[in-house]
Amino acid sequence: MKPDDDAFEDKVRATLDSSVSGLDTDTRRRLAGMRREAFERKPFLSHWPGFGNWVPATAFAAVAVMVVALMVSPARQQAPDLLAQTDSDVALELLTNDDVTGDPDFYVWLDIALLDEEMPSDAS
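It should be emphasised that the depicted structure is a prediction, and the values quoted were computed from it without experimental measurement.

J.: It is not clear to me how the overall build of the chain should be interpreted in this structure. Could you clarify?
T.: The helix and strand inventory of the chain stands at six helices and zero strands. Mapped from its N terminus to its C terminus, the chain presents α and β elements in the order α-α-α-α-α-α. Counting every position in the chain, which comprises 124 residues, the buried fraction comes to 6%. For the chain, the exposed area adds up to about 11400 Å²; of that, 62% sits on carbon and sulfur atoms.

Structure (structure tokens):
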């Protein structure tokens, strides 16, 4: 500390001590009781569960999210099977042609076929 800080601290301490000595005994007792109560009182965050209690809860939540993600994702992996089940021409093409998956024209044909099925034909 600087010498100026020491002088200021001494002056404040002397002022506070003189104000305490001027109090009556009953007031001093009440102030001492309040001071003791304030020191015994725990901070607000000490009432919350500790860090060790949050780790299992966080781990459980992470596992639950992973289980839900894994339960939803197999539907996306079965998309070619579902397409083959709904369109018999696609199923027949997949079963009879071994080179279909390596042919880019197959994917173009598949997109066109799916678009034709989705779009209603206008006969007018």
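Structure's up, so let's keep going.
J.: Even after reading the chapter, I still don't get helix α2 (residues 25-40), so can you show me in this structure?
T.: Spacing of three or four residues puts side chains on the same side of an α-helix, whose turn is 3.6 residues. Taking 1.5 Å of rise per residue, the 16 residues of α2 would be expected to cover 22 Å, and the 23 Å separating its terminal C-alpha atoms lies within 8% of that figure. α2 sits mainly on the outside: zero of its 16 residues count as buried.

J.: Sorry if this is basic, but what is going on with the pattern of salt bridges here?
T.: Under the definition given, this model contains three salt bridges. Here Arg41 makes a salt bridge to Glu37, at a shortest N to O gap of 2.9 Å. Among the ionic contacts, a cluster of salt bridges with common partners joins Glu9, Asp10 and Arg13.

J.: Where do I start with the layout of surface pockets in this structure?
T.: Leftover empty space is mapped by rolling, across the atoms, a probe with the size of a water molecule. In this model, the largest pocket occupies a volume close to 200 Å³. Lining the largest pocket are Val20, Leu23, Arg28, Leu31, Ala32 and Arg35. If one sorts the elements of the lining of the largest pocket by residue count, α2 sits on top with four residues. Tallied by class, the residues present in the lining of the largest pocket amount to four nonpolar, no polar and two charged.

J.: Can you help me understand helix α6 (residues 104-118) in this one?
T.: With 15 residues, α6 should cover 21 Å at 1.5 Å per step; its first-to-last C-alpha distance of 22 Å lies within 8% of that length. Where α6 is concerned, the buried positions are Phe106, Leu110 and Ala113. End-on, the buried residues of α6 take up no more than an arc of 65 degrees, which puts them together on one face. Exposed and oriented more than 90 degrees from the buried face of α6 are Pro104, Asp105, Asp116 and Glu118.

J.: Would you explain the confidence of the model for the chain in this entry?
T.: Looking at the chain as a whole, its pLDDT mean stands at 76, while 67% of the residues score no less than 70. Looking at the elements of the chain, mean pLDDT is at its lowest for helix α4 (residues 79-86), recorded as 62, and at its highest for α2, recorded as 87.

Conventions and cut-offs
Residues numbered from 1 in each chain as written. Predicted model: local features only at pLDDT ≥ 70, side-chain atom pairs only at ≥ 80, totals over all residues. Heavy atoms only, no water. Helix = DSSP H or I, 4+ residues; strand = E, 2+ residues; numbered from the N terminus. Buried < 20%, exposed > 50% of the residue type's maximum accessible area, 1.4 Å probe, protein only. Areas by Shrake-Rupley, 256 points an atom, 1.4 Å probe, with all protein chains shown as cover. Expected span 1.5 Å × (residues − 1). Salt bridge = Lys/Arg side-chain N within 4 Å of Asp/Glu carboxyl O. 1 Å grid on protein atoms, 1.4 Å probe; cavity = no way out; pocket = protein on both sides within 12 Å on 5 of 7 lines; lining within 4 Å. Points joined across faces, edges and corners; volume = space filled by probe spheres on them. Nonpolar A, V, L, I, M, F, W, Y, C, P; charged D, E, K, R; others polar. Arc of directions from axis to C-beta. pLDDT = per-residue confidence, 0-100.

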